[in-house]
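# Working through the structure, step by step
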Amino acid sequence: MRYAATWRSRVTLGLPAALALLLLVVPLVALLLRADWARIPSDLATPSVVPALRLSLTTTSTTALLCLLLGTPLAWFLARSDSRATSWVRALLTVPLVLPPVVGGVALLMTWGRNGVVGQYLTPLGIQIPFTTVAVVLAETFVAMPYYVLAVEGAMRGLDPRLEHVARTLGAGDLRYLRTVGLPLVLPGIAGGLALAWARALGEFGATITFAGNFPGRTQTLPLLVYVELERDPQVAISISILLLAVSVLVLGVLRGRWLR
Amino acid sequence: MTTRRAPLRRGTAPAAVAAMAALLLAACGGTTGPSSDGAAQPAAGGTASTPLQGTVTVLAAASLTESFDALARDFEAAHPGVTVQTSYGSSATLVQQVDNGAPASVLALAGTAAAQPLDKGLAKDTRTFASNVLEIAVPPANHAGITSIDDLAKPSAKVVLCADTVPCGKAAQATLAKAHVVPNVVSKEIDVKATLAKVKLAEADAAVVYHSDVVAAKGSVKGVEIPSAVNTRLDYPVITLSDDAATKAFVAYVLSAQGRSTVQSFGFGAP
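Keep in mind that what you see is a predicted model, and the values were worked out from it rather than measured.

The next subject is the domain arrangement of chain B. Residues and elements named next belong to chain B. One can read the domain layout of chain B as domain 1 (13-131 + 234-265) and domain 2 (133-225). On the domain 2 side, the residues contacting the 13 residues of domain 1 number 13 residues. Sorting the residues of the side of domain 1 that touches domain 2 by element identifies α2 (65-78) and α3 (91-99) as the ones contributing at least two each.

With that out of the way, let us pick up the interface of chain A and chain B. Each partner contributes residues to the interface: chain A has 16 residues there, and chain B has 15 residues. The element best represented in the side of chain A that touches chain B is helix α11 (residues 222-232) of chain A, accounting for five residues. Looking at the side of chain A that touches chain B residue by residue, the classes come out as eight nonpolar, five polar and three charged.

Further remarks concern the nonpolar core. Counting 136 residues, the largest nonpolar core has A:Tyr148, A:Ala197, B:Ala108 and B:Ala137 as the members making the most contacts within it. The element that contributes the greatest number of residues to this core is helix α7 (residues 133-157) of chain A, accounting for 17 residues. Counting residues domain by domain, this core receives three or more from each of domain 1 (13-131 + 234-265) and domain 2 (133-225) of chain B. Aside from chain neighbours lying at most four places away, what touches B:Ala137 is B:Leu196, B:Val199, B:Ala206, B:Ala207, B:Val209, B:Asp213, B:Val214, B:Ala217, B:Val221 and B:Gly223.

All names here are of chain B. Within chain B, residue pLDDT values average 84, and 82% of them lie at 70 or more. Note that residues 1-43 has pLDDT below 50 and, in this model, 64 contacts with residues that lie over four places away or in other chains. Interface confidence for the predicted complex, expressed as ipTM, amounts to 0.71; the pTM equals 0.75.

This brings us to the pairing of strand β5 (residues 159-162) of chain B. On any regular strand, side chains alternate: one points to one face of the sheet, the next to the other face. Residue and element names in this part refer to chain B. The side-chain alternation of β5 yields two buried faces, one formed by Val159 and Leu161 and the other by Val160 and Cys162. Both β5 and strand β6 (residues 185-189) contribute to a ladder of four bridges, which runs parallel. For Val159, the partnering residue across the bridge sits in β6 and is Val185. At this point the chain moves from β5, through helix α4 (residues 167-178), to the parallel β6, and the crossover so formed is right-handed. Note: β5 against strand β7 (residues 206-210), two bridges, orientation parallel. In the sheet register, Val160 faces β7, and the bridge partner there is Ala207.

So, on to the environment of A:Ala191. Within the secondary structure, A:Ala191 sits in helix α9 (residues 174-202). C-alpha of A:Ala191 to C-alpha of A:Leu255: the two residues are 64 residues apart in sequence and 8.1 Å apart in space.

The subject of this paragraph is the environment of A:Pro27. Positionally, A:Pro27 belongs in helix α1 (residues 7-34). C-alpha separation for the pair A:Pro27 and A:Arg232, spaced 205 residues apart in sequence, amounts to 22 Å.

The next subject is the packing of helix α4 (residues 84-98) of chain A against α7(A). All names here are of chain A. Interhelical geometry of α4 versus α7 gives an angle of 130° and a closest axis separation of 8 Å. If you check the angle between α4 and α7, you find them oblique. Judged by the twist between their axes, the crossing of α4 over α7 is left-handed. Residue-level inspection shows Leu93, Thr94, Pro96 and Leu97 of α4 in contact with α7, the latter providing Phe142, Val143, Pro146, Tyr147, Val149 and Leu150. Here the contact of α4 with α7 is built from residues that sort into nine nonpolar, one polar and no charged.

Reading the values: rules and limits
Residues numbered from 1 in each chain as written. Chains lettered and ligands numbered in written order. Predicted model: local features only at pLDDT ≥ 70, side-chain atom pairs only at ≥ 80, totals over all residues. Domains from an automatic or database assignment. Contact = placed C-beta atoms within 7 Å. Helix = DSSP H or I, 4+ residues; strand = E, 2+ residues; numbered from the N terminus. Nonpolar A, V, L, I, M, F, W, Y, C, P; charged D, E, K, R; others polar. Core = buried A, V, L, I, M, F, W, Y, C linked by C-beta atoms within 7 Å. Buried ≥ 20, exposed ≤ 12 C-beta atoms within 10 Å, placed from the backbone. pLDDT = per-residue confidence, 0-100. Pairing = 2+ DSSP bridges. Right-handed = clockwise from strand over helix to strand, strands pointing away. Axes fitted to C-alpha atoms, helices over the stretch in contact; angles between N-to-C directions. Parallel < 35°, antiparallel > 145°, perpendicular 65-115°, else oblique. Left-handed = near helix turned anticlockwise from the far one by under 90°.

Listed below in C-alpha coordinates is the structure:
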(Lines give C-alpha, C1' and ligand atoms only; values in the text may rest on other atoms or scores of the structure.)
Protein backbone atom coordinates (compact mmCIF):
# COMPACT_ATOMS: atom_id res chain seq x y z
CA MET A 1 0.00 0.00 0.00
CA ARG A 2 1.32 3.34 -1.02
CA TYR A 3 -1.19 5.37 0.90
CA ALA A 4 -1.80 4.91 4.57
CA ALA A 5 -5.32 3.73 5.19
CA THR A 6 -6.75 5.82 7.97
CA TRP A 7 -9.35 4.41 10.31
CA ARG A 8 -11.78 7.00 9.01
CA SER A 9 -11.53 5.91 5.41
CA ARG A 10 -11.72 2.31 6.53
CA VAL A 11 -14.96 2.93 8.36
CA THR A 12 -16.59 5.25 5.81
CA LEU A 13 -15.83 2.92 2.94
CA GLY A 14 -15.63 -0.40 4.72
CA LEU A 15 -18.98 -0.19 6.46
CA PRO A 16 -21.12 0.34 3.34
CA ALA A 17 -19.00 -2.19 1.49
CA ALA A 18 -19.57 -4.80 4.19
CA LEU A 19 -23.27 -3.96 4.19
CA ALA A 20 -23.44 -4.41 0.43
CA LEU A 21 -21.74 -7.77 0.71
CA LEU A 22 -24.11 -8.89 3.48
CA LEU A 23 -27.17 -7.78 1.50
CA LEU A 24 -26.10 -10.04 -1.33
CA VAL A 25 -24.66 -12.99 0.55
CA VAL A 26 -27.04 -13.44 3.50
CA PRO A 27 -30.06 -14.42 1.37
CA LEU A 28 -27.98 -17.09 -0.38
CA VAL A 29 -26.74 -18.40 2.96
CA ALA A 30 -30.30 -18.32 4.31
CA LEU A 31 -31.42 -20.51 1.42
CA LEU A 32 -28.66 -22.98 2.22
CA LEU A 33 -29.49 -22.91 5.94
CA ARG A 34 -33.18 -23.53 5.38
CA ALA A 35 -32.60 -26.39 2.96
CA ASP A 36 -33.39 -29.87 4.19
CA TRP A 37 -30.43 -31.52 2.51
CA ALA A 38 -31.60 -35.07 3.13
CA ARG A 39 -34.87 -34.27 1.40
CA ILE A 40 -33.43 -32.64 -1.72
CA PRO A 41 -32.97 -35.85 -3.79
CA SER A 42 -36.51 -37.04 -3.08
CA ASP A 43 -37.93 -33.52 -3.52
CA LEU A 44 -36.32 -33.26 -6.93
CA ALA A 45 -37.79 -36.61 -7.93
CA THR A 46 -41.40 -35.67 -7.13
CA PRO A 47 -43.96 -35.92 -9.95
CA SER A 48 -44.22 -32.14 -10.30
CA VAL A 49 -40.47 -31.46 -10.40
CA VAL A 50 -39.37 -34.00 -13.01
CA PRO A 51 -41.51 -32.61 -15.88
CA ALA A 52 -40.53 -29.03 -14.95
CA LEU A 53 -36.86 -29.99 -14.91
CA ARG A 54 -37.19 -31.71 -18.29
CA LEU A 55 -39.09 -28.75 -19.72
CA SER A 56 -36.55 -26.26 -18.39
CA LEU A 57 -33.69 -28.25 -19.89
CA THR A 58 -35.28 -28.65 -23.33
CA THR A 59 -36.51 -25.05 -23.62
CA THR A 60 -33.26 -23.48 -22.41
CA SER A 61 -31.21 -25.71 -24.73
CA THR A 62 -33.44 -24.71 -27.65
CA THR A 63 -33.05 -21.08 -26.63
CA ALA A 64 -29.26 -21.47 -26.53
CA LEU A 65 -29.35 -23.06 -29.98
CA LEU A 66 -31.48 -20.20 -31.36
CA CYS A 67 -29.05 -17.70 -29.86
CA LEU A 68 -26.16 -19.51 -31.50
CA LEU A 69 -27.78 -19.79 -34.94
CA LEU A 70 -29.47 -16.38 -35.10
CA GLY A 71 -27.51 -14.34 -32.59
CA THR A 72 -24.01 -15.06 -33.89
CA PRO A 73 -24.63 -13.56 -37.37
CA LEU A 74 -26.29 -10.54 -35.73
CA ALA A 75 -23.32 -10.10 -33.41
CA TRP A 76 -21.01 -10.28 -36.42
CA PHE A 77 -22.87 -7.53 -38.29
CA LEU A 78 -22.83 -5.36 -35.18
CA ALA A 79 -19.14 -5.97 -34.60
CA ARG A 80 -17.93 -5.03 -38.08
CA SER A 81 -19.95 -1.87 -38.55
CA ASP A 82 -19.63 1.47 -36.81
CA SER A 83 -22.47 3.18 -38.61
CA ARG A 84 -25.18 5.13 -36.82
CA ALA A 85 -27.68 2.41 -37.73
CA THR A 86 -25.55 -0.15 -35.90
CA SER A 87 -25.54 1.82 -32.69
CA TRP A 88 -29.31 2.17 -32.98
CA VAL A 89 -29.67 -1.58 -33.43
CA ARG A 90 -27.43 -2.12 -30.42
CA ALA A 91 -29.51 0.29 -28.33
CA LEU A 92 -32.67 -1.51 -29.46
CA LEU A 93 -31.10 -4.80 -28.45
CA THR A 94 -30.43 -3.47 -24.98
CA VAL A 95 -34.11 -2.72 -24.38
CA PRO A 96 -35.18 -6.34 -23.71
CA LEU A 97 -32.12 -6.53 -21.47
CA VAL A 98 -33.43 -3.87 -19.09
CA LEU A 99 -37.16 -4.31 -19.73
CA PRO A 100 -39.11 -5.89 -16.86
CA PRO A 101 -39.68 -9.47 -18.09
CA VAL A 102 -43.41 -9.26 -17.39
CA VAL A 103 -43.60 -6.35 -19.86
CA GLY A 104 -41.79 -8.58 -22.32
CA GLY A 105 -44.52 -11.15 -21.71
CA VAL A 106 -47.24 -8.62 -22.50
CA ALA A 107 -45.36 -7.55 -25.64
CA LEU A 108 -45.03 -11.19 -26.74
CA LEU A 109 -48.74 -11.72 -26.15
CA MET A 110 -49.48 -8.66 -28.30
CA THR A 111 -47.24 -10.16 -31.01
CA TRP A 112 -47.97 -13.88 -31.01
CA GLY A 113 -51.34 -13.95 -29.24
CA ARG A 114 -54.51 -14.97 -30.99
CA ASN A 115 -55.28 -11.36 -31.86
CA GLY A 116 -51.63 -10.35 -31.92
CA VAL A 117 -49.80 -8.45 -34.64
CA VAL A 118 -48.34 -11.69 -36.02
CA GLY A 119 -50.58 -14.19 -34.26
CA GLN A 120 -53.77 -13.08 -36.05
CA TYR A 121 -52.32 -14.43 -39.31
CA LEU A 122 -51.24 -17.69 -37.67
CA THR A 123 -54.64 -18.41 -36.09
CA PRO A 124 -56.41 -19.18 -39.42
CA LEU A 125 -53.59 -21.62 -40.20
CA GLY A 126 -54.33 -23.45 -36.98
CA ILE A 127 -51.09 -22.30 -35.36
CA GLN A 128 -51.45 -21.06 -31.80
CA ILE A 129 -48.41 -19.98 -29.84
CA PRO A 130 -49.58 -18.93 -26.34
CA PHE A 131 -49.79 -21.72 -23.74
CA THR A 132 -47.41 -23.92 -25.72
CA THR A 133 -43.81 -24.93 -25.17
CA VAL A 134 -42.97 -22.81 -28.23
CA ALA A 135 -44.18 -19.79 -26.25
CA VAL A 136 -41.78 -20.71 -23.43
CA VAL A 137 -38.88 -20.80 -25.91
CA LEU A 138 -39.96 -17.47 -27.45
CA ALA A 139 -40.13 -15.86 -24.00
CA GLU A 140 -36.74 -17.23 -23.01
CA THR A 141 -35.17 -16.20 -26.33
CA PHE A 142 -36.61 -12.71 -25.97
CA VAL A 143 -34.87 -12.17 -22.65
CA ALA A 144 -31.70 -14.20 -23.31
CA MET A 145 -30.71 -13.31 -26.88
CA PRO A 146 -29.50 -9.76 -26.05
CA TYR A 147 -27.05 -11.16 -23.49
CA TYR A 148 -25.65 -13.54 -26.07
CA VAL A 149 -25.40 -11.02 -28.92
CA LEU A 150 -23.72 -8.36 -26.79
CA ALA A 151 -21.25 -10.86 -25.30
CA VAL A 152 -20.29 -12.30 -28.71
CA GLU A 153 -20.13 -8.87 -30.30
CA GLY A 154 -17.67 -7.82 -27.62
CA ALA A 155 -15.52 -10.84 -28.31
CA MET A 156 -15.62 -10.21 -32.08
CA ARG A 157 -14.63 -6.59 -31.67
CA GLY A 158 -11.59 -7.80 -29.77
CA LEU A 159 -10.29 -9.60 -32.85
CA ASP A 160 -7.27 -8.16 -34.64
CA PRO A 161 -8.69 -6.58 -37.83
CA ARG A 162 -5.47 -7.52 -39.64
CA LEU A 163 -6.51 -11.18 -39.44
CA GLU A 164 -9.55 -10.53 -41.54
CA HIS A 165 -7.52 -8.39 -43.92
CA VAL A 166 -4.99 -11.18 -44.42
CA ALA A 167 -7.75 -13.75 -44.91
CA ARG A 168 -9.35 -11.52 -47.53
CA THR A 169 -6.13 -11.02 -49.48
CA LEU A 170 -5.81 -14.78 -49.54
CA GLY A 171 -9.21 -14.89 -51.23
CA ALA A 172 -11.45 -15.96 -48.35
CA GLY A 173 -15.07 -14.76 -48.39
CA ASP A 174 -17.09 -13.79 -45.29
CA LEU A 175 -18.31 -17.30 -44.56
CA ARG A 176 -14.94 -18.94 -45.09
CA TYR A 177 -13.18 -16.32 -42.97
CA LEU A 178 -15.70 -16.86 -40.16
CA ARG A 179 -15.50 -20.63 -40.36
CA THR A 180 -11.73 -20.93 -40.46
CA VAL A 181 -10.49 -17.85 -38.55
CA GLY A 182 -13.15 -15.65 -36.95
CA LEU A 183 -15.35 -18.12 -35.11
CA PRO A 184 -12.59 -20.37 -33.76
CA LEU A 185 -10.95 -17.30 -32.23
CA VAL A 186 -14.13 -16.04 -30.56
CA LEU A 187 -15.12 -19.50 -29.37
CA PRO A 188 -14.50 -18.57 -25.72
CA GLY A 189 -16.74 -15.54 -26.21
CA ILE A 190 -19.43 -17.69 -27.79
CA ALA A 191 -19.22 -20.19 -24.92
CA GLY A 192 -19.44 -17.38 -22.37
CA GLY A 193 -22.35 -15.78 -24.19
CA LEU A 194 -24.14 -19.10 -24.39
CA ALA A 195 -23.65 -19.77 -20.68
CA LEU A 196 -24.94 -16.30 -19.82
CA ALA A 197 -27.94 -16.57 -22.15
CA TRP A 198 -28.72 -20.09 -20.96
CA ALA A 199 -28.63 -19.05 -17.32
CA ARG A 200 -30.88 -16.08 -18.05
CA ALA A 201 -33.30 -18.35 -19.92
CA LEU A 202 -33.30 -20.84 -17.04
CA GLY A 203 -34.30 -18.12 -14.61
CA GLU A 204 -37.02 -16.65 -16.83
CA PHE A 205 -40.26 -16.15 -14.92
CA GLY A 206 -42.20 -12.98 -15.75
CA ALA A 207 -42.42 -13.26 -19.52
CA THR A 208 -43.11 -16.99 -19.32
CA ILE A 209 -46.00 -16.83 -16.85
CA THR A 210 -47.54 -13.90 -18.74
CA PHE A 211 -47.16 -15.25 -22.24
CA ALA A 212 -46.91 -19.03 -21.96
CA GLY A 213 -49.03 -19.56 -18.87
CA ASN A 214 -48.40 -22.19 -16.26
CA PHE A 215 -49.21 -25.78 -17.14
CA PRO A 216 -47.29 -28.76 -15.75
CA GLY A 217 -45.20 -30.52 -18.38
CA ARG A 218 -46.00 -27.99 -21.10
CA THR A 219 -45.17 -24.49 -19.90
CA GLN A 220 -44.39 -24.86 -16.19
CA THR A 221 -40.63 -24.36 -15.98
CA LEU A 222 -38.60 -24.63 -12.77
CA PRO A 223 -38.98 -20.96 -11.67
CA LEU A 224 -42.77 -21.16 -12.16
CA LEU A 225 -42.82 -24.36 -10.15
CA VAL A 226 -40.85 -22.70 -7.33
CA TYR A 227 -43.52 -19.99 -7.17
CA VAL A 228 -46.40 -22.49 -7.08
CA GLU A 229 -44.68 -24.93 -4.70
CA LEU A 230 -43.99 -22.18 -2.18
CA GLU A 231 -47.73 -22.23 -1.53
CA ARG A 232 -48.05 -25.99 -1.49
CA ASP A 233 -44.83 -27.22 0.09
CA PRO A 234 -42.19 -24.55 0.80
CA GLN A 235 -39.55 -27.25 1.36
CA VAL A 236 -39.90 -28.44 -2.23
CA ALA A 237 -39.62 -24.83 -3.38
CA ILE A 238 -36.39 -24.49 -1.38
CA SER A 239 -35.01 -27.74 -2.80
CA ILE A 240 -35.64 -26.55 -6.38
CA SER A 241 -34.12 -23.19 -5.47
CA ILE A 242 -30.97 -24.96 -4.26
CA LEU A 243 -30.79 -26.77 -7.60
CA LEU A 244 -31.12 -23.49 -9.51
CA LEU A 245 -28.54 -21.87 -7.22
CA ALA A 246 -26.12 -24.74 -7.90
CA VAL A 247 -26.65 -24.35 -11.64
CA SER A 248 -26.01 -20.60 -11.37
CA VAL A 249 -22.74 -21.22 -9.55
CA LEU A 250 -21.79 -23.77 -12.20
CA VAL A 251 -22.46 -21.25 -14.97
CA LEU A 252 -20.37 -18.72 -13.09
CA GLY A 253 -17.56 -21.25 -13.10
CA VAL A 254 -17.86 -21.60 -16.87
CA LEU A 255 -17.87 -17.81 -17.28
CA ARG A 256 -14.81 -17.34 -15.09
CA GLY A 257 -12.93 -20.02 -16.92
CA ARG A 258 -13.77 -19.04 -20.44
CA TRP A 259 -14.95 -15.51 -20.58
CA LEU A 260 -13.79 -13.46 -17.66
CA ARG A 261 -10.34 -15.13 -17.79
CA MET B 1 -75.96 -9.14 -15.56
CA THR B 2 -78.04 -9.87 -12.54
CA THR B 3 -76.64 -9.83 -9.07
CA ARG B 4 -77.00 -13.21 -7.48
CA ARG B 5 -78.46 -12.94 -4.02
CA ALA B 6 -78.39 -16.11 -2.05
CA PRO B 7 -81.08 -16.33 0.61
CA LEU B 8 -79.78 -15.26 4.00
CA ARG B 9 -78.81 -18.36 5.90
CA ARG B 10 -78.63 -17.33 9.52
CA GLY B 11 -79.54 -20.76 10.80
CA THR B 12 -76.01 -22.03 11.05
CA ALA B 13 -74.35 -21.48 14.38
CA PRO B 14 -71.01 -20.00 13.17
CA ALA B 15 -72.80 -17.44 11.03
CA ALA B 16 -75.03 -16.46 13.92
CA VAL B 17 -72.04 -16.12 16.24
CA ALA B 18 -70.23 -14.06 13.65
CA ALA B 19 -73.23 -11.82 13.19
CA MET B 20 -73.57 -11.33 16.97
CA ALA B 21 -69.89 -10.61 17.31
CA ALA B 22 -70.09 -8.17 14.44
CA LEU B 23 -72.90 -6.35 16.18
CA LEU B 24 -70.94 -6.22 19.41
CA LEU B 25 -67.78 -5.01 17.72
CA ALA B 26 -69.68 -2.45 15.69
CA ALA B 27 -71.33 -1.19 18.88
CA CYS B 28 -67.94 -0.84 20.59
CA GLY B 29 -66.61 1.13 17.66
CA GLY B 30 -69.50 3.51 17.91
CA THR B 31 -70.84 2.41 14.57
CA THR B 32 -74.24 1.24 13.55
CA GLY B 33 -74.20 -2.49 13.24
CA PRO B 34 -75.62 -4.51 10.39
CA SER B 35 -79.34 -4.07 10.50
CA SER B 36 -81.81 -6.10 8.57
CA ASP B 37 -84.33 -3.28 8.29
CA GLY B 38 -82.06 -1.37 5.96
CA ALA B 39 -82.40 1.85 7.95
CA ALA B 40 -80.34 4.80 6.81
CA GLN B 41 -76.84 4.66 8.23
CA PRO B 42 -74.11 7.21 8.64
CA ALA B 43 -71.66 7.00 5.75
CA ALA B 44 -68.96 4.37 5.98
CA GLY B 45 -69.42 3.15 9.48
CA GLY B 46 -70.45 6.33 11.19
CA THR B 47 -68.54 8.80 13.29
CA ALA B 48 -66.17 7.70 16.03
CA SER B 49 -65.84 9.80 19.16
CA THR B 50 -62.24 10.66 18.25
CA PRO B 51 -61.21 10.88 14.62
CA LEU B 52 -59.42 7.73 13.48
CA GLN B 53 -55.81 8.01 12.41
CA GLY B 54 -53.29 5.80 10.72
CA THR B 55 -52.90 3.29 7.93
CA VAL B 56 -54.85 0.09 7.47
CA THR B 57 -53.00 -2.41 5.31
CA VAL B 58 -55.43 -4.80 3.67
CA LEU B 59 -54.33 -7.96 1.87
CA ALA B 60 -57.28 -9.31 -0.08
CA ALA B 61 -57.98 -12.17 -2.45
CA ALA B 62 -57.67 -11.23 -6.13
CA SER B 63 -61.41 -11.74 -6.62
CA LEU B 64 -62.02 -8.92 -4.11
CA THR B 65 -60.03 -6.36 -6.14
CA GLU B 66 -62.94 -4.20 -7.27
CA SER B 67 -65.07 -4.52 -4.14
CA PHE B 68 -62.24 -3.76 -1.70
CA ASP B 69 -61.06 -0.85 -3.83
CA ALA B 70 -64.57 0.54 -3.40
CA LEU B 71 -64.67 -0.27 0.34
CA ALA B 72 -61.29 1.38 0.88
CA ARG B 73 -62.35 4.49 -1.05
CA ASP B 74 -65.62 4.84 0.89
CA PHE B 75 -63.91 4.23 4.23
CA GLU B 76 -61.20 6.79 3.51
CA ALA B 77 -63.85 9.30 2.51
CA ALA B 78 -65.59 8.82 5.85
CA HIS B 79 -62.32 8.85 7.84
CA PRO B 80 -59.97 11.39 6.29
CA GLY B 81 -57.27 10.57 8.84
CA VAL B 82 -57.05 6.95 7.71
CA THR B 83 -55.22 5.59 4.69
CA VAL B 84 -56.29 2.17 3.48
CA GLN B 85 -53.58 0.39 1.54
CA THR B 86 -54.76 -2.59 -0.44
CA SER B 87 -52.81 -5.38 -2.06
CA TYR B 88 -54.33 -8.24 -4.01
CA GLY B 89 -53.12 -11.71 -4.85
CA SER B 90 -54.11 -15.33 -4.59
CA SER B 91 -55.30 -16.21 -1.09
CA ALA B 92 -52.55 -18.83 -0.92
CA THR B 93 -49.89 -16.20 -1.68
CA LEU B 94 -51.33 -13.73 0.84
CA VAL B 95 -51.49 -16.25 3.69
CA GLN B 96 -47.93 -17.31 2.97
CA GLN B 97 -46.85 -13.65 2.92
CA VAL B 98 -48.53 -12.96 6.29
CA ASP B 99 -46.99 -16.12 7.78
CA ASN B 100 -43.62 -14.80 6.60
CA GLY B 101 -44.16 -11.50 8.38
CA ALA B 102 -45.79 -9.28 5.77
CA PRO B 103 -47.13 -6.25 7.65
CA ALA B 104 -50.90 -6.48 7.28
CA SER B 105 -53.78 -5.36 9.47
CA VAL B 106 -56.57 -7.13 7.61
CA LEU B 107 -56.61 -10.29 5.53
CA ALA B 108 -59.62 -11.10 3.35
CA LEU B 109 -59.59 -14.53 1.72
CA ALA B 110 -61.50 -16.53 -0.84
CA GLY B 111 -62.88 -19.44 1.14
CA THR B 112 -62.35 -20.45 4.73
CA ALA B 113 -60.06 -23.30 3.68
CA ALA B 114 -57.51 -20.76 2.43
CA ALA B 115 -57.02 -19.56 6.02
CA GLN B 116 -55.93 -23.03 7.14
CA PRO B 117 -52.16 -22.47 6.74
CA LEU B 118 -52.35 -19.11 8.54
CA ASP B 119 -50.33 -18.98 11.75
CA LYS B 120 -53.08 -19.29 14.39
CA GLY B 121 -51.39 -16.80 16.69
CA LEU B 122 -51.79 -14.03 14.12
CA ALA B 123 -55.55 -14.06 13.65
CA LYS B 124 -57.26 -11.98 16.30
CA ASP B 125 -60.71 -12.32 14.83
CA THR B 126 -62.26 -14.13 11.85
CA ARG B 127 -65.69 -13.35 10.35
CA THR B 128 -67.43 -14.34 7.17
CA PHE B 129 -68.56 -11.32 5.15
CA ALA B 130 -69.48 -12.63 1.71
CA SER B 131 -69.82 -15.69 -0.44
CA ASN B 132 -69.08 -16.48 -4.03
CA VAL B 133 -69.82 -19.19 -6.57
CA LEU B 134 -67.99 -20.29 -9.68
CA GLU B 135 -68.92 -19.22 -13.17
CA ILE B 136 -67.48 -19.81 -16.61
CA ALA B 137 -66.10 -16.73 -18.33
CA VAL B 138 -65.94 -16.70 -22.12
CA PRO B 139 -64.86 -13.95 -24.54
CA PRO B 140 -67.84 -11.87 -25.78
CA ALA B 141 -67.51 -13.44 -29.25
CA ASN B 142 -67.55 -16.94 -27.71
CA HIS B 143 -66.10 -18.57 -30.83
CA ALA B 144 -65.80 -21.89 -29.06
CA GLY B 145 -69.56 -21.87 -28.49
CA ILE B 146 -69.50 -22.59 -24.77
CA THR B 147 -72.98 -22.43 -23.30
CA SER B 148 -72.77 -24.94 -20.45
CA ILE B 149 -70.20 -26.56 -18.20
CA ASP B 150 -70.34 -29.71 -20.37
CA ASP B 151 -69.05 -27.66 -23.31
CA LEU B 152 -65.75 -27.26 -21.46
CA ALA B 153 -65.02 -30.84 -22.45
CA LYS B 154 -64.76 -29.84 -26.14
CA PRO B 155 -61.21 -30.76 -27.13
CA SER B 156 -60.94 -27.63 -29.31
CA ALA B 157 -61.81 -25.28 -26.43
CA LYS B 158 -58.78 -23.89 -24.63
CA VAL B 159 -59.64 -23.68 -20.96
CA VAL B 160 -57.70 -21.75 -18.34
CA LEU B 161 -58.05 -22.53 -14.65
CA CYS B 162 -56.49 -21.16 -11.48
CA ALA B 163 -53.51 -23.07 -10.09
CA ASP B 164 -54.38 -26.06 -7.90
CA THR B 165 -52.86 -24.29 -4.90
CA VAL B 166 -55.19 -21.28 -4.94
CA PRO B 167 -58.87 -21.34 -3.86
CA CYS B 168 -60.42 -20.75 -7.30
CA GLY B 169 -58.31 -23.63 -8.66
CA LYS B 170 -59.33 -26.00 -5.88
CA ALA B 171 -62.98 -25.02 -6.29
CA ALA B 172 -62.82 -25.45 -10.07
CA GLN B 173 -61.29 -28.92 -9.69
CA ALA B 174 -64.07 -29.91 -7.29
CA THR B 175 -66.78 -28.60 -9.62
CA LEU B 176 -65.30 -30.20 -12.75
CA ALA B 177 -65.05 -33.51 -10.90
CA LYS B 178 -68.66 -33.26 -9.76
CA ALA B 179 -69.76 -32.47 -13.31
CA HIS B 180 -67.55 -35.26 -14.75
CA VAL B 181 -66.01 -32.78 -17.19
CA VAL B 182 -62.40 -33.11 -18.28
CA PRO B 183 -61.47 -29.90 -20.10
CA ASN B 184 -58.50 -29.15 -22.34
CA VAL B 185 -56.65 -27.06 -19.75
CA VAL B 186 -53.90 -24.96 -21.35
CA SER B 187 -52.76 -23.03 -18.28
CA LYS B 188 -53.16 -22.86 -14.52
CA GLU B 189 -52.76 -19.22 -13.60
CA ILE B 190 -51.44 -17.85 -10.31
CA ASP B 191 -54.66 -16.12 -9.28
CA VAL B 192 -58.23 -15.62 -10.48
CA LYS B 193 -57.58 -12.24 -12.12
CA ALA B 194 -54.68 -13.68 -14.13
CA THR B 195 -57.04 -16.48 -15.19
CA LEU B 196 -59.73 -14.01 -16.21
CA ALA B 197 -57.19 -11.89 -18.10
CA LYS B 198 -56.49 -14.74 -20.51
CA VAL B 199 -60.17 -14.73 -21.49
CA LYS B 200 -60.32 -10.92 -21.64
CA LEU B 201 -57.43 -11.05 -24.11
CA ALA B 202 -59.32 -13.84 -25.95
CA GLU B 203 -56.21 -16.03 -25.72
CA ALA B 204 -58.30 -18.68 -23.99
CA ASP B 205 -61.80 -19.80 -24.93
CA ALA B 206 -63.05 -20.20 -21.40
CA ALA B 207 -61.97 -19.86 -17.80
CA VAL B 208 -63.52 -21.06 -14.57
CA VAL B 209 -63.61 -17.99 -12.33
CA TYR B 210 -65.98 -16.56 -9.73
CA HIS B 211 -69.35 -15.06 -10.50
CA SER B 212 -68.05 -11.81 -8.98
CA ASP B 213 -65.20 -11.68 -11.51
CA VAL B 214 -67.64 -11.90 -14.40
CA VAL B 215 -69.67 -9.06 -12.83
CA ALA B 216 -66.53 -6.99 -12.21
CA ALA B 217 -65.36 -7.52 -15.81
CA LYS B 218 -68.34 -5.39 -16.90
CA GLY B 219 -69.06 -6.96 -20.26
CA SER B 220 -65.47 -7.58 -21.34
CA VAL B 221 -66.27 -11.26 -20.77
CA LYS B 222 -69.54 -13.18 -20.88
CA GLY B 223 -70.65 -15.42 -18.02
CA VAL B 224 -71.94 -18.95 -18.38
CA GLU B 225 -73.63 -20.11 -15.20
CA ILE B 226 -72.70 -23.37 -13.55
CA PRO B 227 -75.70 -25.27 -12.07
CA SER B 228 -75.76 -25.14 -8.29
CA ALA B 229 -75.80 -28.95 -8.14
CA VAL B 230 -72.17 -29.06 -9.28
CA ASN B 231 -71.08 -25.52 -8.32
CA THR B 232 -68.75 -24.83 -5.41
CA ARG B 233 -69.66 -22.12 -2.94
CA LEU B 234 -66.94 -20.29 -1.07
CA ASP B 235 -67.40 -18.29 2.12
CA TYR B 236 -65.10 -15.30 2.30
CA PRO B 237 -63.58 -14.63 5.73
CA VAL B 238 -62.16 -11.28 6.83
CA ILE B 239 -59.40 -11.77 9.38
CA THR B 240 -58.31 -9.02 11.76
CA LEU B 241 -54.55 -9.12 12.36
CA SER B 242 -54.10 -5.88 14.28
CA ASP B 243 -55.55 -4.34 17.42
CA ASP B 244 -55.55 -0.72 16.33
CA ALA B 245 -58.79 1.25 16.21
CA ALA B 246 -58.66 2.10 12.53
CA THR B 247 -58.27 -1.58 11.62
CA LYS B 248 -61.21 -2.59 13.81
CA ALA B 249 -63.32 0.18 12.32
CA PHE B 250 -62.46 -0.95 8.81
CA VAL B 251 -63.40 -4.56 9.55
CA ALA B 252 -66.62 -3.37 11.19
CA TYR B 253 -67.32 -1.38 8.03
CA VAL B 254 -66.75 -4.43 5.83
CA LEU B 255 -69.24 -6.35 7.98
CA SER B 256 -71.77 -3.52 8.18
CA ALA B 257 -74.90 -3.53 6.05
CA GLN B 258 -73.43 -0.77 3.91
CA GLY B 259 -70.14 -2.62 3.46
CA ARG B 260 -71.95 -5.80 2.55
CA SER B 261 -74.15 -4.08 0.03
CA THR B 262 -71.00 -2.62 -1.58
CA VAL B 263 -69.43 -6.08 -1.78
CA GLN B 264 -72.69 -7.60 -3.04
CA SER B 265 -72.99 -4.95 -5.74
CA PHE B 266 -69.88 -6.58 -7.25
CA GLY B 267 -71.61 -9.92 -7.58
CA PHE B 268 -70.86 -11.52 -4.23
CA GLY B 269 -73.52 -13.34 -2.26
CA ALA B 270 -74.48 -12.86 1.37
CA PRO B 271 -72.32 -14.76 3.84
